[in-house]
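Descriptive analysis of the structure
Below, each chain spelled out in residue letters.
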Amino acid sequence: PRSDCIAAEQLCLSDSTCNATYRILENCALAKTRFLPLDHDSRVRCLNAELDLGNSSLLHCKCHRRMKRQEHCLRVFWTVHASMTDGYFNLETSPYENPANEEHWKTDYNKLAALLSGKACSQLAGDATNPCLKATHVCNLSKKCVRLRTDYASICTKGAGSEDMCDRRKCHRGLRNFFEKVPEDFTKRILFCPCQDELCGERRRKTIVPDCSFQYNTKPNCLWLLDSCLEDHICKSRLADFQQNCHPADMSPDGCSQHNHAACLQAYMGMIGTPMTPNYVSNSSVEVSLWCTCESSGNEKEKCDQILSMFESNKCL
């Protein structure tokens, strides 16, 4: 079985040859994250160090979305695969284990839904026309779901609408906590609830408290958003996962190269709470986008448009 990167790192550090190679790669990755230019000899040394790992478990290790010490695991992965990060379109391998290989997260969703009968049902009058409201009520029946949802909501609304800016970093962390720790049967129903009217659509659009998590006062350039993402191990990893699982394929009947829409939705959820957080663009459609623009992109306009189109016109998503 494929090892996780923390275990693989420990194994490597206990071997003197592998340890020396790994230290070289750490310096290469550090230079890359600081955007320090590497001369020809340094680039060759870095590539040779990666090749020297050969069949080491480090080269084939992966991380789990819900594991403890996730950031440490991802740092190890990108240390070993630093040569893949020259630009967005080279982030072709996700550091995350295939969802099918991960432990299945069981949920009491059906049991909780059954509680919505009888007396509870009378409190939900009108919910039939607002699936997003119903999904919220079901979340409220789970201690973990309601606690983590309340946590991010209180952080993300603090300072919103006043002169004090909300703490976007804390807001993003709270959102990631919610989407990582609450079973997907709850989170997917809240985020992807089907709406027939704008009242429901408004509730769905505001699920992630966009005033703090999504919108800036002015739209930044999408290339700036991408750079912010690539400097962050979690965001870079979620972007690689999104690119792998939501890669569109025009010739494919379902528009998806992986033919796995569930994995694509999971990868989309993984982007929420990162510098490249996406969201619904209106109350009346399911179109999503990043909060950024490609105006003033100069000779990188084409690259910028591709970043934006990952979300705006992605048939797979």
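Note that the structure is predicted; figures quoted are calculated from it, not measured. (Residues numbered from 1 in each chain as written. Predicted model: local features only at pLDDT ≥ 70, side-chain atom pairs only at ≥ 80, totals over all residues. Heavy atoms only, no water.)

Focus on the pattern of salt bridges
Operational definition: Each salt bridge in this description consists of a side-chain nitrogen of Lys or Arg and a carboxyl oxygen of Asp or Glu lying within 4 Å of one another. For helices the rule is a DSSP run of H or I covering at least 4 residues; for strands it is a run of E covering at least 2, with both sets numbered from the N terminus onward.
Under the counting rule described, the total for this entry stands at nine salt bridges. Close ionic contact of E26 with R75 constitutes a salt bridge, the shortest N to O distance being 3.9 Å. Note that E26 is positioned in helix α2 (residues 16-33) and R75 in helix α4 (residues 70-80), a separation of 49 residues in sequence. Across the pair D305 and K301 runs a salt bridge whose closest N-O atoms are separated by 2.9 Å. One end of the pair, D305, and the other, K301, are both in helix α16 (residues 301-312), four residues apart, so they sit about a helical turn from each other.

Structural notes on the confidence of the model for the chain
Where we set the bar: The quantity called pLDDT is the predictor's confidence in a given residue, expressed from 0 to 100. Only heavy atoms matter for contacts: two residues are in contact if any of them lie within 4.5 Å across the pair.
With 83% of its residues at a pLDDT of 70 or more, the chain shows a mean pLDDT of 81. The least confident element of the chain, judged by mean pLDDT, is helix α6 (residues 119-122) at 42; the most confident is strand β1 (residues 278-280) at 95. A low-confidence stretch, residues 101-113 (pLDDT under 50), is modelled with 17 contacts involving residues beyond four sequence positions or located in other chains. Of the regions scoring below 50 in pLDDT, residues 115-126 engages in eight contacts with residues more than four places distant in sequence or in other chains.

Some words on the state of the cysteines
As a reminder, the rule being used: Two cysteine sulfurs form a disulfide in these notes if their separation is within 2.5 Å. Each residue gets one of three labels from its accessible area relative to the maximum for its type: buried under 20%, exposed over 50%, partly exposed in between, using a 1.4 Å probe on protein chains only.
By the definition in use, this model includes 14 disulfides. Between the sulfur atoms of C222 and its disulfide mate C292 the distance is 2.1 Å. Judged by the sign of its S-S torsion, about 90 degrees, the bond between C222 and C292 is right-handed. Linking C222 in helix α13 (residues 222-230) with C292 in the loop between β2 (288-290) and α16, this pair joins segments that are 70 residues apart in sequence. Residue C222 shares its accessibility class with C292, and that shared class is buried. At a sulfur-sulfur separation of 2.1 Å, the disulfide partner of C246 is C264. Around the S-S axis, the bridge from C246 to C264 shows a dihedral of about 115 degrees and counts as right-handed. Here C246, found in the loop between α14 (233-245) and α15 (261-271), pairs with C264, found in helix α15; they are 18 residues apart in sequence, far enough to count as distant. Overall, C246 belongs to the buried group, its relative accessible area being 2%.

Remarks on the packing of aromatic side chains
To describe a pair of aromatic rings, you give the distance between the ring centres and the angle between the ring planes. Here is the rule we go by: Two rings from Phe, Tyr or Trp (for Trp, the six-membered ring) form a pair when their centres sit within 6.5 Å of each other. Planes less than 30 degrees apart are called stacked, planes more than 60 degrees apart edge-to-face, and all others tilted. Lysine and arginine charges are scored as sitting over a ring when NZ or CZ, respectively, is within 6 Å of the ring centre and within 35 degrees of the ring normal.
For the structure shown, the criterion picks out seven aromatic pairs. With 5.1 Å between their ring centres and 80 degrees between their planes, F178 and F179 make a pair best called edge-to-face. Across this residue pair, the class does not change: F178 and F179 are buried. Taken together, the ring pairs connect Y152, F178 and F179 into an aromatic cluster. For R204, the ring lying beneath its charged end belongs to Y280, and the centroid distance is 4.8 Å.

A word on the environment of L317
Looking at the secondary structure, you find L317 in the segment after α16. Residue class for L317 comes out partly exposed when judged on its relative accessible area of 27%. Spatially, the C-alpha atom of L317 lies 8.4 Å from that of H247, the residues being 70 residues apart in sequence. Not counting residues up to four positions away in its chain, the partners in contact with L317 are F242, C264, Y268, V288, M310 and F311.

Quick notes on the packing of α14 against α15
The packing of two helices is summarised by the inter-axis angle and the distance between the axes. As a reminder, the rule being used: To get an axis, fit a line to the C-alpha atoms, keeping to the stretch in contact for a helix; angles then go from 0 to 180 degrees between the N-to-C directions. Throughout this description, any angle smaller than 35 degrees is read as roughly parallel, any larger than 145 degrees as roughly antiparallel, any in the 65 to 115 degree range as roughly perpendicular, and the remainder as oblique. We call a crossing left-handed when the near helix sits turned anticlockwise from the far one by less than a right angle, and right-handed when that turn is clockwise. Classification used: nonpolar for Ala, Val, Leu, Ile, Met, Phe, Trp, Tyr, Cys and Pro, charged for Asp, Glu, Lys and Arg, polar for all others including Gly.
Relative orientation of the contacting elements α14 and α15 amounts to 155 degrees, with a least axis distance of 9 Å. If you check the angle between α14 and α15, you find them roughly antiparallel. Both α14 and α15 take part in a crossing whose hand is left-handed. Across the interface between the two elements, R238, L239, D241, F242 and N245 from α14 touch A263, C264, A267, Y268, G270 and M271 from α15. Split into classes, the residues belonging to the contact of α14 with α15 amount to seven nonpolar, two polar and two charged.

Section: helix α3 (residues 40-52)
Note the cut-off: For a helix, the expected span equals 1.5 Å multiplied by the residue count minus one. As used here, the arc is the angular range of directions from the helix axis to the C-beta atoms.
Its 13 residues give α3 an end-to-end C-alpha distance of 18 Å, which sits within 8% of 18 Å, the value for a rise of 1.5 Å per residue. Among the residues of α3, those classed as buried are S42, C46, A49 and E50. On an axial view of α3, the arc spanned by its buried residues comes to 100 degrees, and they lie on one face. Away from its buried face by more than 90 degrees, α3 exposes H40, D41, L51 and D52. After α3 finishes, the residue G54 shows a positive phi value of roughly 50 degrees.

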